[in-house]
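Structural characterization, general
The residues making up each chain are set out below.
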Amino acid sequence: MKIVYQISEIKDLLMQVRSQNKTVGFVPTMGALHEGHLSLLERSQEKCDISIVSIFVNPTQFNDPNDFLKYPKLLEQDIELLENKKCDVLFCPSVEEMYPNGLEERLNFPLGLLEEVLEGEKRKGHYQGVVTILDALFKAIQPDFVFMGQKDFQQVLVVKTFSKELFPNIQIISCPTERDSDGLAKSSRNLRLSAEARQTALRLSQALFYIKNKFDQQNPSKIIEEAKKMFLEHPNVQLEYLEMRDSNTLEALSYETWPKNNAVLLIAAFVDSIRLIDVLLLFEELD
Ligand code: AMP
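Residues numbered from 1 in each chain as written. Predicted model: local features only at pLDDT ≥ 70, side-chain atom pairs only at ≥ 80, totals over all residues. Heavy atoms only, no water.

All right, on to the overall build of the protein chain then. Per the secondary structure count, the protein chain includes ten helices and nine strands. For 287 residues, the compact-globule estimate of 2.2 N^0.38 gives 19 Å, and the C-alpha radius of gyration of the protein chain, at 19 Å, lies within 12% of that figure. Principal-axis analysis of the C-alpha atoms gives the protein chain an extent of 60 × 40 × 35 Å. Out of the 287 residues belonging to the protein chain, those deemed buried represent 52%. Put simply, 73% of the contacts in the protein chain that link residues at least 6 apart link residues at least 24 apart. For the protein chain, the accessible surface area stands at approximately 13,800 Å², while carbon and sulfur atoms represent 48% of it. In the protein chain, 32 positive and 43 negative side-chain charges are present, and the distance between their average locations comes to 2 Å. (Helix = DSSP H or I, 4+ residues; strand = E, 2+ residues; numbered from the N terminus. Rg over C-alpha atoms; globule rule 2.2 N^0.38 Å. Buried < 20%, exposed > 50% of the residue type's maximum accessible area, 1.4 Å probe, protein only. Contact = heavy atoms within 4.5 Å. Areas by Shrake-Rupley, 256 points an atom, 1.4 Å probe, with all protein chains shown as cover. Lys, Arg positive; Asp, Glu negative; His and termini not counted. Charge placed at Lys NZ, Arg CZ, Asp CG, Glu CD.)

Here it is, written out as structure tokens:
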């Protein structure tokens, strides 16, 4: 695996690749890699001639400075995992390389409702940080395909909206969520959970599957209210939201008319002050 630190270096390398008419798949990550990330790499390897993973903990997408400071950094272990998976290129630039004019220079891309609801509402500025770094990464790498996790459902919608406008030749592929055997969605942030907090964190996926398994039998809003009770009276967990929304737009669904193949359940909660999210489509509809 080739490890590249500079934009000029990755551009040179990819010029050679493109002169051979090879397709380029790209998996952007913030490192502390787990099987979720590696499943994206596998999808890229199946579909593309060359696969590139980036590791960059992007400061501008953290609305909470403490979350940024505590974000796990495990570069040596990540390199080993990627080498074992036969990744072609790892791009791990410095903050100075990605933000040569400082962290204040950010894209201001109109995202409409996507920036006003759920993650957009709770994490002010987060998605402008995401599109700012992806703009720089997409310009450097110019991939044919980008592989992203459906777990960050709203992020995929944001990136599809932004790239349709600014990078129409790039195809964004949304991939299924990898879970531990007990249902917990794999996440780099899980590394920060104590054994007890990890047990509590199971409530996120349990709530989603509870609703999905029951939703046909009763009024969905009633089932969602029932699922929310799993988060009451527990000192170490605070539910931020648990909602069912239109999976194309994230608009609220009218339960009388909602199209059944268009619904997604989204949840966010703090467990021991660590913010976790999870998502479940009511009907599978992957790219
Ligand atoms: P991150 O390193 O958290 O920024 O994530 C990098 C990419 O991996 C994003 O596209 C995430 O949606 C994706 N990802 C994170 N967790 C999972 C998971 N459990 N299953 C599949 N993809 C994931």
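Now that the structure has been shown, the text picks up again.
Here the focus is the packing of aromatic side chains. Counted by the stated rule, this structure contains nine aromatic pairs. Geometrically, the ring pair formed by F109 and F162 is edge-to-face, given 5.8 Å between the ring centres and 90° between the ring planes. In this pair, F109 sits in the loop between α5 (95–98) and α6 (118–122) while F162 sits in helix α8 (residues 153–166), placing the two residues 53 residues apart along the sequence. Where F138 meets F162, the ring centres are 6.1 Å apart and the plane angle is 35°; that geometry is what we call tilted. Taken together, the positions of F138 in helix α7 (residues 126–141) and F162 in helix α8 put the pair 24 residues apart, joining distant regions of the chain. On the accessibility criterion, F138 (0% relative accessible area) is buried. Ring pairing ties together the aromatic residues F26, F109, F138, F162 and F167, which thus form one cluster. (Phe/Tyr/Trp six-rings, centres within 6.5 Å; stacked < 30°, edge-to-face > 60°.)

In spatial order, the strands read β1-β4-β3-β2-β5-β6; together these six strands make up an open sheet with parallel pairing. At either margin of the open sheet sits one strand with a lone partner, and together these are β1 (2–4) and β6 (171–175). Across the sheet, the mean angle from the axis of one strand to that of its neighbour is 25°, orientation sign disregarded. Here β1 pairs with strand β4 (residues 89–91) via three bridges, running parallel. What sits directly across from V4, in β4, is F91. (Pairing = 2+ DSSP bridges. Axes fitted to C-alpha atoms, helices over the stretch in contact; angles between N-to-C directions.)

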